[in-house]
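# Observations on chain architecture
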Amino acid sequence: QVQLVETGGGLVQAGGSLRLSCAASGRALSTCTMAWFRQAPGKEREFVAAINFSGITNYADSVKGRFTISRDNAKNSVYLQMNSLEPEDTAVYYCAAKVGYYSRTYYTGSDMDSWGKGTLVTVST
């Protein structure tokens, strides 16, 4: 199991930016496909972005062109750069890991092996 801790959430105005970080322990992230999910109030958790250990990335249509997922294997960390934030992006953001190499365009929550506790992002109008 991988232990994951997200940081970087907060309150930002619409149009602003935030960078989320996910620090891992217990396993090298270089052996995992990593993803970000989010859950807005009253809604189901949804896929946001993923990156495998070849650096191949995939995004939900709702964030394409605005969000960028990246990884730093030396720091055993994954990041989510969020630009042009919209009130609809308000949610708890979760980092997740799936052991192995995958390059799917979409992941469900049940696909992932390990989860962080989440960090809250609030986008005001």
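Up top is the structure.
Below is a short write-up of the structure. (Residues numbered from 1 in each chain as written. Predicted model: local features only at pLDDT ≥ 70, side-chain atom pairs only at ≥ 80, totals over all residues. Heavy atoms only, no water.)

### Focus on the overall build of the chain
We apply this condition: Runs of H or I in DSSP of at least four residues are treated as helices and runs of E of at least two as strands, each being numbered from the N terminus. The buried label applies to any residue whose accessible area, calculated with a 1.4 Å probe on protein chains only, is under 20% of its type's maximum; exposed applies above 50%, and partly exposed to all values in between. Note on contacts: a residue pair is in contact if any heavy atoms of the two residues lie within 4.5 Å. Each accessible area value is a Shrake-Rupley result obtained with a 1.4 Å probe; residue values ignore everything except the protein chains displayed when judging cover. Asp and Glu count as negative and Lys and Arg as positive, but His and the ends of the chain are not part of the count. All charge positions are set by atom: Lys at NZ, Arg at CZ, Asp at CG, Glu at CD.
When you go through the chain residue by residue, the secondary structure sums to 0 helices and 11 strands. Its helices and strands in sequence order give the chain the pattern β-β-β-β-β-β-β-β-β-β-β, from N to C terminus. For the chain, the spread of C-alpha atoms along the principal axes amounts to about 40 × 25 × 25 Å. The 125 residues of the chain split such that 46% are buried. A separation of at least 24 residues holds for 61% of the contacts in the chain among residues at least 6 apart in sequence. Taken as a whole, the chain presents about 6,100 Å² of accessible surface, with 48% of it coming from carbon and sulfur. In the chain, which carries 12 positive and 10 negative side-chain charges, the distance between the mean positions of the two groups comes to 6 Å.

### Examining the sheet that holds strand β8 (residues 77-82)
Selection rule: DSSP-based pairing: two strands are paired if at least 2 bridges between them are found. To get an axis, fit a line to the C-alpha atoms, keeping to the stretch in contact for a helix; angles then go from 0 to 180 degrees between the N-to-C directions.
What the 4 strands build is an open sheet, ordered β1-β3-β8-β7; its pairing is antiparallel. The open sheet has two edge strands with one neighbour each: β1 (3-7) and β7 (67-72). Sheet twist, expressed as the mean angle between neighbouring strand axes with direction ignored, is 15°.

### Quick look at the state of the cysteines
Basically, it comes down to this: In this description, the term disulfide denotes a pair of cysteine sulfurs within 2.5 Å.
Counted under the stated rule, the structure contains 1 disulfide. Two residues share a disulfide in this structure: Cys-22 and Cys-95, whose sulfurs sit 2.1 Å from each other. Here Cys-22 and Cys-95 share a disulfide; its torsion about the S-S bond, -80°, makes the bridge left-handed. One end of the pair, Cys-22, is in strand β3 (residues 18-25); the other, Cys-95, is in strand β9 (residues 91-99), with 73 residues separating them in the sequence. When its relative accessible area of 0% is taken as the criterion, Cys-22 is described as buried. Looking at Cys-32, it has no disulfide partner, and the nearest cysteine sulfur is the one in Cys-95, 9.8 Å off.

### Considering the packing of aromatic side chains
The test is simple: For Phe, Tyr and Trp, where Trp contributes only its six-membered ring, two rings pair if their centres lie within 6.5 Å, and the inter-plane angle classes them as stacked under 30 degrees, edge-to-face over 60, or tilted in between.
Inspection of every chain in the model, using the stated rule, returns 6 aromatic pairs. Where Phe-37 meets Trp-115, the ring centres are 4.9 Å apart and the plane angle is 55°; that geometry is what we call tilted. In this pair, Phe-37 sits in strand β4 (residues 32-39) while Trp-115 sits in strand β10 (residues 114-115), placing the two residues 78 residues apart along the sequence. According to the relative accessible area criterion, Phe-37 is buried, its value standing at 1%.

### Overview of the pattern of salt bridges
As a reminder of what qualifies: Throughout this description, the term salt bridge denotes a Lys or Arg side-chain nitrogen within 4 Å of a carboxyl oxygen of Asp or Glu.
Evaluation of the coordinates by the stated rule reveals 6 salt bridges. Asp-61 serves as the salt-bridge partner of Lys-64, at 3.2 Å between the closest nitrogen and oxygen. Bridged by salt links that share partners, the residues Arg-38, Glu-46, Arg-66, Glu-86 and Asp-89 form one connected network.

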